[in-house]
Amino acid sequence: MTATRGPAVAAGATLAVVGFAAGLWSWKPWTGGDPWVPTCSDLTVAMPSVAAGAWSVSEEDPGRTATDSAAQCELAYASTDQRFAGRLRVFISGESDAEVLRQRVADEQCDGTADPGGVPDGYVAFRACSAVVGDFAHGTVIAAKDGRWLKMTASTSIRDENRDDALPFSRDIARKAAEQALTLDETK
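The model shown is predicted, which means the values in this text are computed figures rather than measured ones. (Residues numbered from 1 in each chain as written. Predicted model: local features only at pLDDT ≥ 70, side-chain atom pairs only at ≥ 80, totals over all residues. Heavy atoms only, no water.)

We now examine the packing of aromatic side chains. Note on aromatic pairs: each is described by the distance of the centres and the angle between the planes. Taken as a whole and judged by the stated rule, the model has 5 aromatic pairs. On the basis of an interplanar angle of 5 degrees and a centroid distance of 4.1 Å, the ring pair of Phe84 and Phe169 is categorised as stacked. In this pair, Phe84 is assigned in the loop between strand S2 (70-79) and strand S3 (85-94) and Phe169 in helix H4 (residues 166-183), connecting sequence segments 85 residues apart. Through successive ring pairs, a cluster of aromatic residues spans Trp55, Tyr77, Phe84 and Phe169. (Phe/Tyr/Trp six-rings, centres within 6.5 Å; stacked < 30°, edge-to-face > 60°. Helix = DSSP H or I, 4+ residues; strand = E, 2+ residues; numbered from the N terminus.)

Here's what the structure looks like:
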């Protein structure tokens, strides 16, 4: 009896070890969790170097104290010449799996008309779209790079003095903010 139960017990033990190893591998406790992402305050400090003007956090990130691998907030901006002003809605998340990053970018809704162009160098995935809705020009970027993915929408107020330039400005702000959010180094 022992001889016939021995291989079955050994196979069950091996299966348990394999199952445990697979679970541990998918959990990856040695990585310290998902990658760090910049805070909304980090972005307000970084943005004036690529988009001159005033930047401030207008809606704080309520969940940042719980994790340093996600940020969600809203920034207010005004160009140096005061021609453009608006809000940047920010969502950034850390993820170390490149395939998951691609899928998240593909699955996220991008409101408006798709902007032309491919995936910029260094990006895992990239989509952009834009639209004019009422008195606002919206530029959205959904992208992944360096273990992070994000969705950013810049909404610029349309006024008589900027009517023709508000949409290109929103597109540009969303792209610049996305690049900053995907490449800023950890400050702590």
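Anyway, onward from the coordinates.
What follows covers the state of the cysteines. Counted by the stated rule, this structure contains 2 disulfides. If you count the bonded cysteines of the protein chain from the N-terminus, they pair up as 1-2, 3-4. (Disulfide = S-S within 2.5 Å.)

The next thing to look at is H4. The terminal C-alpha atoms of H4, which comprises 18 residues, lie 26 Å apart, in line with the 26 Å expected from a rise of 1.5 Å per residue. For H4, the complete set of buried residues consists of Ala166, Leu167, Phe169, Ser170, Ile173, Ala174, Ala177, Ala178, Gln180, Ala181 and Leu182. (Expected span 1.5 Å × (residues − 1). Buried < 20%, exposed > 50% of the residue type's maximum accessible area, 1.4 Å probe, protein only.)

Attention now moves to the sheet that holds S3. Pairing in this open sheet of 7 strands is antiparallel, and the strands run S1-S2-S3-S7-S6-S5-S4 from one edge to the other. Strand pairing shows two members of the sheet lacking a second neighbour, strand S1 (53-59) and strand S4 (113-114), which therefore form its edges. In this sheet, strand S7 (residues 148-157) lies alongside strand S6 (residues 136-145) in antiparallel orientation, the contact comprising 10 bridges. Among the inter-strand pairings, Ala144 is bridged to a residue of S7, identified as Trp149. The sheet contacts of H4 involve S1, S2, S3, strand S5 (125-133), S6 and S7, and relative to S7 the element is tilted by about 150 degrees. (Pairing = 2+ DSSP bridges. Contact = heavy atoms within 4.5 Å. Axes fitted to C-alpha atoms, helices over the stretch in contact; angles between N-to-C directions.)

Considering all chains together, one arrives at 10 salt bridges under this definition. Put simply, Glu161 and Arg159 hold a salt bridge, and the shortest N to O gap is 2.7 Å. In this structure Glu161 comes out as partly exposed when scored by relative accessible area, which is 47%. Note that Lys176 and Asp172 form a salt bridge whose closest N and O atoms lie 3.0 Å from each other. A residue pair is termed a helical-turn pair when its members lie 3 or 4 positions apart in one helix, as Lys176 and Asp172 do in helix H4 at 4 residues. (Salt bridge = Lys/Arg side-chain N within 4 Å of Asp/Glu carboxyl O.)

The subject of this paragraph is unusual backbone geometry. The phi angle at Gln82 is positive, at roughly 65 degrees, despite the residue not being glycine. Position of Gln82 relative to the elements: it lies in the loop between S2 and S3.

This brings us to the nonpolar core. Proteins that are soluble and globular tend to have nonpolar side chains buried together. Among the nonpolar cores identified, the biggest contains 31 residues, and Leu88, Ile92, Leu150 and Met152 are the most heavily contacted of them. Looking at this core, the elements with two or more residues in it are helix H2 (40-46), S2, S3, S5, S6, S7 and H4. If one sorts the elements of this core by residue count, H4 sits on top with 7 residues. Setting aside anything within four residues of it in sequence, one finds Met152 in contact with Leu43, Leu88, Arg89, Val90, Ile92, Gly139, Thr140, Val141, Ala174, Ala177, Ala178 and Ala181. (Core = buried A, V, L, I, M, F, W, Y, C linked by side-chain atoms within 4.5 Å.)

Such coordinate-based values are descriptive only and should not be taken to indicate function.
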